[in-house]
Amino acid sequence: MIKIAPSLLSSDFTRLGEEVRAAESAGADMLHIDVMDGHFVPNITIGPFIVEAVRKTTKLPLDVHLMIEEPDRYIKDFAAAGADFLTVHVEASIHLNRTVSLIRENSVKPGVSLNPATPVCSLDFILPDVDLVLVMSVNPGFGGQGFISGSLDKIKAIKENAAKRGLKTLIAVDGGVRPENSRDIAGAGADILVMGAAFFGSGDYKALMGEMRKLLDTR
Ligand code: DX5
Ligand code: ZN
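Computed from a predicted model, the values in this text were never measured in an experiment.

(A) Inspection of the overall build of the protein chain at higher detail. A tally of regular secondary structure across the protein chain gives 8 helices and 8 strands. Here the C-alpha atoms of the protein chain give a radius of gyration of 16 Å, agreeing with the 17 Å that 2.2 N^0.38 yields for 219 residues. Each principal axis of the C-alpha distribution contributes one length, and for the protein chain these read about 40 × 35 × 30 Å. Burial analysis of the protein chain (219 residues in total) assigns 53% to the buried set.

As structure tokens, then:
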């Protein structure tokens, strides 16, 4: 079953708790939380305190996407805040194997993310060590951007590579996902669709989830 992960970046932060509960009761499978540092990406968002607050509000798995430089410095804090997945960018970690090990040592599932221009081969020597690959289908930093269509080939290539190696790595896709392109993305091999603007901008989260389930034929 394809999972839907609403990205809280597009939620109404003045009512964060209500938004989290509404996404959960609409049937979201997990929540995606975007952490930005103003260095790796040109935007600043949230830190471990907010992740901790979200953790207290929901039982859904929290997929925390670290768009930050030197991620090792913050792994412990985000693990303690209650992240279930911690995803770091291959472009942001000099010693990626060490970073991924550190995430696992903190009892969190490690994920790695690729920017749109980063080649699939950058995963060759880390794929067996991670639970999730997050394919960026926009340049990270902002919600509401358009899906970069070349991402479909990238998803396919990662899926094939993982299958060939007998790995069950989850593939998540992040950026510009909406009902209109969701079938193509799922068809390419995605397991998790992150949805920010399309989810929180829909006005009716239950209706949106119903539409997605119908489109993806998963329930
Ligand atoms: C972008 C973030 C995304 C963002 C996706 O840098 O990583 O998670 O919230 O939002 P949409 O679905 O609006 O592109
Ligand atoms: Zn994200």
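From this point on, the discussion continues.
(B) Inspection of the pairing of strand 8 (residues 192-195) at higher detail. Alternating residues of strand 8 divide into Ile 192 and Val 194 and Leu 193 and Met 195, and every residue in both groups is buried. Inspection of the sheet shows strand 1 (residues 3-6) paired to strand 8 by 4 bridges, in the parallel sense. When the bridges of strand 8 are listed, Ala 5 appears paired with Val 194. Relative to strand 8, strand 7 (residues 170-174) is paired through 3 bridges, and the arrangement is parallel. Residue pairing for strand 8: Asp 174 is matched across the bridge by Val 194. Running through helix 6 (residues 179-188), the crossover from strand 7 to the neighbouring parallel element strand 8 is right-handed.

(C) Just the site of ligand 1, in detail. Around ligand 1 there are 20 residues in total, and Ser 7, Asp 34, Gly 141, Gly 144 and Asp 174 lie nearest to it. Between ligand 1 and His 65, the relevant distance is 3.3 Å, taken from an oxygen atom to a side-chain nitrogen or oxygen of the residue. One of the backbone nitrogen or oxygen atoms of Gly 176 is found 2.8 Å away from an oxygen atom of ligand 1. Look at ligand 1: alone it shows 380 Å² of surface, and the protein chains cover 100% of it.

(D) Quick peek at the environment of Arg 21. Take Arg 21: it is sitting in helix 1 (residues 16-26). Judged by its relative accessible area of 48%, Arg 21 is partly exposed. Separated by 39 residues in the primary sequence, Arg 21 and Leu 60 place their C-alpha atoms 9.8 Å from one another.

(E) The coordination of the zinc ion (ligand 2), seen in detail. Ligation of the zinc ion (ligand 2) by protein atoms is provided by His 32 (NE2), Asp 34 (OD), His 65 (ND1) and Asp 174 (OD), these donors lying 2.0 to 2.3 Å from the ion. Considering all 6 donor atoms around the zinc ion (ligand 2), the spread of angles at the metal, 71 to 170°, places the coordination shape in the octahedral class. Each donor residue of the zinc ion (ligand 2) lies on the same chain, and together they follow the pattern H-x1-D-x30-H-x108-D. Of this pair, His 32 sits in strand 2 (residues 31-36) while His 65 sits in strand 3 (residues 62-67), placing them 33 residues apart in sequence.

(F) Fine view of the sheet that holds strand 1. Pairing within the open sheet is parallel, and its 8 strands lie in the order 1-8-7-6-5-4-3-2. In this open sheet, the two edge strands, each paired with only one partner strand, are strand 1 and strand 2. Pairwise comparison of adjacent strand axes, ignoring direction, gives a mean angle of 25° for this sheet. The pairing of strand 3 with strand 4 (residues 85-89) spans 4 bridges and is parallel. Within strand 4, the residue paired with His 65 across the bridge is Thr 87. Helix 4 (residues 96-105) rests against strand 4 and strand 5 (109-114) of the sheet, and its axis sits at about 145° to strand 5.

Thresholds, definitions, all that
Here, residues in each chain are numbered from 1, in the same order as that chain's written sequence. To read the labels, note that chains go from A and ligands from 1, taken in the order they are written. Local features are withheld for residues below a pLDDT of 70 in this predicted model, meaning they are given only at 70 or higher, and side-chain atom pairs are given and counted only at 80 or more; totals for whole chains, interfaces and linings count all residues. Only hydrogens and water are set aside when side-chain values are computed; all heavy atoms of the structure are taken into account. Numbering goes from the N terminus for both helices and strands, where a helix is a DSSP run of H or I of at least four residues and a strand is a run of E of at least two. Radius of gyration here uses only the C-alpha atoms, and the compact-globule reference equals 2.2 Å multiplied by the residue count raised to the power 0.38. Under the scheme applied here, a residue whose accessible area is under 20% of the maximum for its type counts as buried, over 50% as exposed, and between as partly exposed, the area being computed with a 1.4 Å probe on protein chains only. DSSP-based pairing: two strands are paired if at least 2 bridges between them are found. Consider the strands pointing away from the viewer: the crossover is right-handed when the path from the first strand over the helix to the second runs clockwise. Near is defined per residue: the residue qualifies when any heavy atom it owns lies within 4 Å of the molecule or strand. Under this definition, polar contacts are N or O atom pairs within 3.5 Å; protein pairs additionally need one hydrogen-donor-capable and one acceptor-capable atom, and for neighbouring residues in sequence, both atoms have to be side-chain atoms. Using a 1.4 Å probe, the Shrake-Rupley method yields the accessible areas, and only the shown protein chains count as cover for residues. Think of the donor list as every N, O and S atom within 2.8 Å of the metal, or within 3.2 Å for Na, K and Ca; water never makes the list, so a site can look incomplete. Just to be clear on the cut-offs, tetrahedral is four donors with all angles between 85 and 135 degrees, square planar is four donors and octahedral six with opposite donors over 155 degrees apart and all others between 65 and 115, and anything else goes down as irregular. All axes are obtained by fitting lines to C-alpha atoms, using only the stretch in contact for helices, and the reported angles, taken between N-to-C directions, cover 0 to 180 degrees. It only takes one pair of heavy atoms within 4.5 Å for two residues to be counted as in contact.

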